[in-house]
Amino acid sequence: MKSFKDRIEYSVNLIKSSERIAAFTGAGISTESGISDFRSKGGVWDRYRIVTYQEFIESHDARVEYWSMKKELFNEMKGAKPNKAHAALADLENMGKLKCLVTQNIDGLHQDAGSSNVIELHGTNRQAKCLDCGKIWPIEAIQARLNAGEVDPECDECRGFIKPATVSFGQSMPEEEMIRAFECVVECDLLLMIGSSLQVEPAASVPREASAGGAKLIYINRTETPTDNLAEIIFNENAGDVMTALVKGIGRDLT
Ligand SMILES: [Zn+2]
């Protein structure tokens, strides 16, 4: 493997010569913001069982269990700030280089960093939604109700179940977001893949589709992925450092 400096230089040239860059991000980009990875030991996910969508719909007890897990997760996410990698992606968008950003994350940190064209494949933890009438609340409104002692909040309009606007296990992926995501990826000429281990679908397909569409791929991830062979350049270094170096390299320091 070439040195860090060589790989940065090569990647900077790729970015400079590309016109339609897409980014795909996973949990790994937010670990530097203190949000625990789904698989990390001692994290929220380690202490709770997964409640599937079916269970949520069918059982009051499952909803209570689900909401107590979410309450803890909200506390963990509350103080989280976007990091250097989020900021660098927002900068690339401002420079007109980055056309779209597809993320598996539900933490809203890309928007906090200033990215506007964000496609959230797994929904967002920043809002909650009534499963019956579709009413939407900012998540703070539901958090306040949980903190006041509610354990299974119901819609004040129709008494339907309220759920964070995220995609749960057993729930189908949002169709419109999937279509937009794959359109973006197929049309790009360079894909920056950051912080996903690409173990599950549809994540695994994103770089494959980009590559099949003729795009070059840059992988920035702590661990190996099943499609490392498709990538032109691989960084196993910290995403914040890599992205900062890339943005500096194309001629603009992060502010
Ligand atoms: Zn409702």
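For the structure given in this document, a descriptive report is provided here. Since the structure is predicted, the reported quantities are computational estimates derived from the model, not experimental observations.

Describing the sheet that holds strand 9 (residues 233–235)
Strand order in the open sheet made by the six strands is 3-2-1-7-8-9, with parallel pairing throughout. In this open sheet, the two strands that pair with only one neighbour each are strand 3 (118–120) and strand 9. Recorded for the sheet is a direction-independent mean angle of 15° between the axes of neighbouring strands. Each of strand 1 (21–25), strand 7 (190–194), strand 8 (216–220) and strand 9 touches helix 1 (residues 4–17); the most contacted strand, strand 9, lies at about 125° to it. Against the sheet, helix 8 (residues 175–187) engages strand 1, strand 2 (98–103), strand 3 and strand 7, with an angle of about 130° to strand 3.

Focus: the coordination of the zinc ion
Binding of the zinc ion to the protein goes through Cys130 (SG), Cys133 (SG), Cys155 (SG) and Cys158 (SG), at separations of 2.3 to 2.4 Å. What the four donor atoms of the zinc ion show is an angle range of 99 to 118° at the metal, which sorts the shape as tetrahedral. Judged by relative accessible area, Cys133 falls into the partly exposed class, the value being 42%. On the basis of relative accessibility, which here comes to 31%, the residue Cys158 falls in the partly exposed class.

Considerations on the pairing of strand 2
Counted residue by residue, strand 2 has five buried out of six residues, so it is predominantly covered. In this structure, strand 1 lies alongside strand 2, joined through five bridges in parallel fashion. Note that in strand 2 the partner of Phe24 across the bridge is Val102.

So, the packing of aromatic side chains
Applying the stated criterion to the full structure yields three aromatic pairs. An angle of 75° between the planes, with centres 5.9 Å apart, marks the rings of Phe4 and Phe235 as edge-to-face. Pair noted here: Phe4 is in helix 1 and Phe235 is in strand 9, with a separation of 231 residues, a long-range link. A relative accessible area of 33% places Phe4 in the partly exposed class. For the pair Tyr66 and Trp67, a centre-to-centre distance of 6.0 Å together with 85° between the ring planes defines the contact as edge-to-face. Given the relative accessible area of 1%, Trp67 is considered buried. Grouping aromatic residues by their ring pairs yields a cluster made of Phe56, Tyr66 and Trp67. The positively charged end of Lys2 is found above the aromatic ring belonging to Tyr10, 4.4 Å away from the centroid. The ring of Phe161 is capped by Arg63, whose NZ or CZ atom sits 3.6 Å from the centre of that ring.

Description of the sheet that holds strand 4 (residues 123–130)
Pairing is antiparallel in the open sheet, where three strands are placed in the order 5-4-6. Each edge of the open sheet is held by one strand with a lone partner, namely strand 5 (136–138) and strand 6 (162–166). Averaged over neighbouring strand pairs, the angle between their axes works out to 40° when direction is ignored. Strand direction decides the pairing type here: strand 4 and strand 5, joined by three bridges, are antiparallel. Following the sheet pairing, Gln127 is matched in strand 5 by Pro138. Against the sheet, helix 4 (residues 60–78) engages strand 4 and strand 6, with an angle of about 45° to strand 6. Of the strands in this sheet, strand 4, strand 5 and strand 6 are in contact with helix 7 (residues 139–147), which crosses strand 5 at around 80°.

Thresholds applied
- Starting afresh in each chain, residues are numbered from 1 along the sequence in its written order.
- With pLDDT at 70 or above as the cut-off, local features in this predicted model cover only qualifying residues; side-chain atom pairs require 80 or more to be listed or tallied, and sums for whole chains, interfaces and linings still use all residues.
- Note that the side-chain values use all heavy atoms of the structure and ignore hydrogens as well as water.
- For two strands to count as paired, DSSP must find a minimum of two bridges between them.
- Only runs of H or I of at least four residues qualify as helices and only runs of E of at least two qualify as strands under DSSP, and these elements are numbered from the N terminus.
- Angles here are taken between N-to-C directions and fall from 0 to 180 degrees, while the axes themselves are lines fitted to C-alpha atoms, restricted in helices to the stretch in contact.
- Contacts are assigned to residue pairs with any non-hydrogen atoms lying within 4.5 Å of each other.
- Because water is not among the atoms used, a metal site may look incomplete, as its donors are only the N, O and S atoms within 2.8 Å, or 3.2 Å for Na, K and Ca.
- Angle rules define the geometry names used: all angles between 85 and 135 degrees makes four donors tetrahedral, while opposite donors over 155 degrees apart and all other angles between 65 and 115 make four donors square planar and six octahedral, leaving every other case irregular.
- A 1.4 Å probe rolled over the protein chains alone gives each residue an accessible area, and that area as a share of the maximum for its type sets the label: buried under 20%, exposed over 50%, partly exposed in between.
- Each Phe, Tyr or Trp ring (for Trp, its six-membered ring) is paired with any other whose centre lies within 6.5 Å, and the angle between the two planes then decides the class: stacked below 30 degrees, edge-to-face above 60, tilted in between.
- The rule is short: NZ of Lys or CZ of Arg within 6 Å of the ring centre and within 35 degrees of the ring normal puts a charge over the ring.

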